[in-house]
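Each chain is listed here by its residues.
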Amino acid sequence: MTMAQNHHVPTGQIRNAIGLDIGGTKTAAAVVTGSGQILSHDVTATPGNNKDQNVQELLLEMIQDLRQQYPHVEAIGVGAAGIVEWPRGYIRWAPNNTYQDLPLREIIEDRTQLPTIVDNDANAAAWAEAQLGRAASYRDMIFLTVGTGVGSGIVLNGQLYRGRTGLAAELGHIIVDPQGPQCGCGNRGCLEALASGTALERFGREVSFGHPDSPLAQLATDKGRLSGKTIRDAARQGDQLAKYLFERLGHWLGIGIASLLNVFEVDAVIIGGGLVEAGDLFLGSTRSSAEIHVFAPRHRPVPPILAGSFGSDAGVIGAAHLALTYAPTPSPEIQPVAPSTPQG
Ligand SMILES: [Zn+2]
């Protein structure tokens, strides 16, 4: 069911933890060292039916496999798509996943007897970038994941801003076009409904219907459906419609970022998630759109908008690092790395 990749790195006395990342489409698990090195990595499809049981059993199975390879893992960290209470590790609901009201931290601790943290998936990824990635030099930053949905983490003064119970930073659901397409959350015109992989595929289908003779429509017919990967490959080969779809995604992402920049004074906006591998196709239009829509750009310049360091591995790395930092409760001995002076 899963494909494990082992890199055969000797662990010695290095501290390590298991990081899990439950996305809308894929679930990843990895053994990660305290410095963010991945020792073993495993990816499988997120169960899509209405049984919470399947998600938790899949996670426990992945944990067991990794513990057999690395028996000295100290802790488990989970980044889960959706609304997750912190530090309770209780998943309330998720627009793109079937689980809800799931006390995941308690379940994993009971079954594994290892200290566990469960956080929102984008918070975990933001933590990886803020502590170990290129954003570690920035004191204040906004992190956005562009994947099945749009996730986010807000890092202020080097710390994740979670709100009192962990419900803060749902930036994917700020409304950028109230007349726009319906979002998985039920509202219309959320940033996620216009600037995610799901939105890219939906725009792709619409454009293909409107231009049945285009190479993109031909690809959709050949492949049976138009996936984000197909659109990316077509754009890389110079297909004008495919390139336009990415620029349109960047346009909407930039509008969302402009509003966020009006609220926060951040040193950088870091983009992660599955689509950031195609960042060259949309980050330029994201930046120009942010510059057009932000308040007073001549007086409040737009900070760098950059791809993150860890790509789609940020979630597992951040979840494991959060586990080593905070599980089971914040430890006075292990403090997060203090940010240095902002750069760029
Ligand atoms: Zn929404």
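Residues numbered from 1 in each chain as written. Predicted model: local features only at pLDDT ≥ 70, side-chain atom pairs only at ≥ 80, totals over all residues. Heavy atoms only, no water.

The protein atoms that coordinate the zinc ion are His173 (ND1), Cys183 (SG), Cys185 (SG) and Cys190 (SG), at distances of 2.0 to 2.3 Å. Each of the four donor atoms around the zinc ion contributes to a set of angles spanning 105 to 119°, which defines the coordination as tetrahedral. Along the chain, the residues donating to the zinc ion fall in the pattern H-x9-C-x1-C-x4-C. In this structure Cys183 comes out as buried when scored by relative accessible area, which is 6%. (Donors = N, O, S within 2.8 Å, 3.2 Å for Na, K, Ca; no water. Tetrahedral: all angles 85-135°; square planar, octahedral: opposite > 155°, others 65-115°. Buried < 20%, exposed > 50% of the residue type's maximum accessible area, 1.4 Å probe, protein only.)

Next up on the list: helix 2 (residues 104–112). Inspection of helix 2 places Leu104, Arg105, Ile107, Ile108 and Thr112 among the buried residues, and these make up the whole buried set. Along the axis of helix 2, the buried positions cluster into a sector of 165°, meaning they face one direction only. Exposed and oriented more than 90 degrees from the buried face of helix 2 are Glu106 and Asp110. Trailing helix 2 by a residue or two, Gln113 shows a phi angle of about 60°, which is positive. (Helix = DSSP H or I, 4+ residues; strand = E, 2+ residues; numbered from the N terminus. Arc of directions from axis to C-beta.)

Another aspect to go through is the sheet that holds strand 13 (residues 305–307). Strand order across the open sheet formed by five strands is 11-10-9-12-13, with mixed pairing between neighbours. Every other strand in the sheet has two partners, leaving strand 11 (159–160) and strand 13 as the edge strands with one partner each. Helix-sheet contacts for helix 8 (residues 240–263) involve strand 9 (141–146), strand 12 (268–272) and strand 13, and the interaxial angle to strand 9 is about 155°. (Pairing = 2+ DSSP bridges. Contact = heavy atoms within 4.5 Å. Axes fitted to C-alpha atoms, helices over the stretch in contact; angles between N-to-C directions.)

This paragraph deals with helix 6 (residues 215–223). Buried residues of helix 6: Leu216, Ala217 and Ala220, and no others. Take helix 6 and look down its axis: the buried residues cluster within an arc of 100°, on one side only. Pointing more than 90 degrees away from the buried face of helix 6 are the exposed residues Pro215, Thr221 and Asp222. Buried residues belonging to helix 6 abut helix 5 (197–210), helix 7 (228–236) and helix 8. Phi turns positive, to about 85°, at Gly224, one or two residues after helix 6.

Take the pairing of strand 8 (residues 116–120) next. Of all five residues making up strand 8, five are buried, and the element is well covered by its neighbours. The pairing of strand 5 (residues 76–80) with strand 8 spans five bridges and is parallel. Bridge pairing links Ala80 to Asn120 in strand 8.

The subject of this paragraph is the environment of Gly184. Mapped onto the elements, Gly184 comes out in the loop between strand 11 and helix 4 (191–195). Since its relative accessible area comes to 46%, Gly184 is described here as partly exposed. Distance from Gly184 to Asn96, taken between C-alpha atoms, is 6.5 Å for residues 88 residues apart in sequence. Apart from the residues lying within four places of it in its own chain, the contact partners of Gly184 are Trp93 and Pro95.

What follows is about the layout of surface pockets. If you add up the space inside the second largest pocket, you get close to 160 Å³. For the lining of the second largest pocket, the class distribution of residues is seven nonpolar, no polar and two charged. (1 Å grid on protein atoms, 1.4 Å probe; cavity = no way out; pocket = protein on both sides within 12 Å on 5 of 7 lines; lining within 4 Å. Points joined across faces, edges and corners; volume = space filled by probe spheres on them. Nonpolar A, V, L, I, M, F, W, Y, C, P; charged D, E, K, R; others polar.)

This part takes up the side chain of Ser227. As for its position among the elements, Ser227 is in the loop between helix 6 and helix 7. Of the polar contacts made by the side chain of Ser227, one reaches the side chain of Thr230; its length is 2.9 Å. (Polar contact = N/O pair within 3.5 Å; in protein donor to acceptor, adjacent residues only side chain to side chain.)

The next thing to look at is the pairing of strand 9. Among the six residues in strand 9, six count as buried, and that is most of the element. Residues Met141, Phe143 and Thr145 of strand 9 are buried on one face, and the alternating residues Ile142, Leu144 and Val146, pointing to the opposite face, are buried as well. Pairing geometry for strand 9 and strand 10 (residues 150–156), over six bridges, is antiparallel. By the bridge assignment for strand 10, Ile142 is matched with Ile154. Counting the residues that bridge the hairpin from strand 9 to strand 10 gives three residues. With five bridges connecting them, strand 9 and strand 12 associate as parallel partners. Bridged to Ile142 within strand 12 is Val269.

Let us look at the environment of Ile18. Relative to the helices and strands, Ile18 resides in strand 2 (residues 16–22). It is 6.5 Å that separates the C-alpha atoms of Ile18 and Ala75, two residues lying 57 residues apart in sequence. Among residues more than four places away in sequence, those in contact with Ile18 are Ala30, Val31, Ile63, Leu66, Arg67, Val73, Ala75, Ile76, Gly77 and Ala320.

Geometric descriptors of this kind do not, in isolation, establish any biological role.
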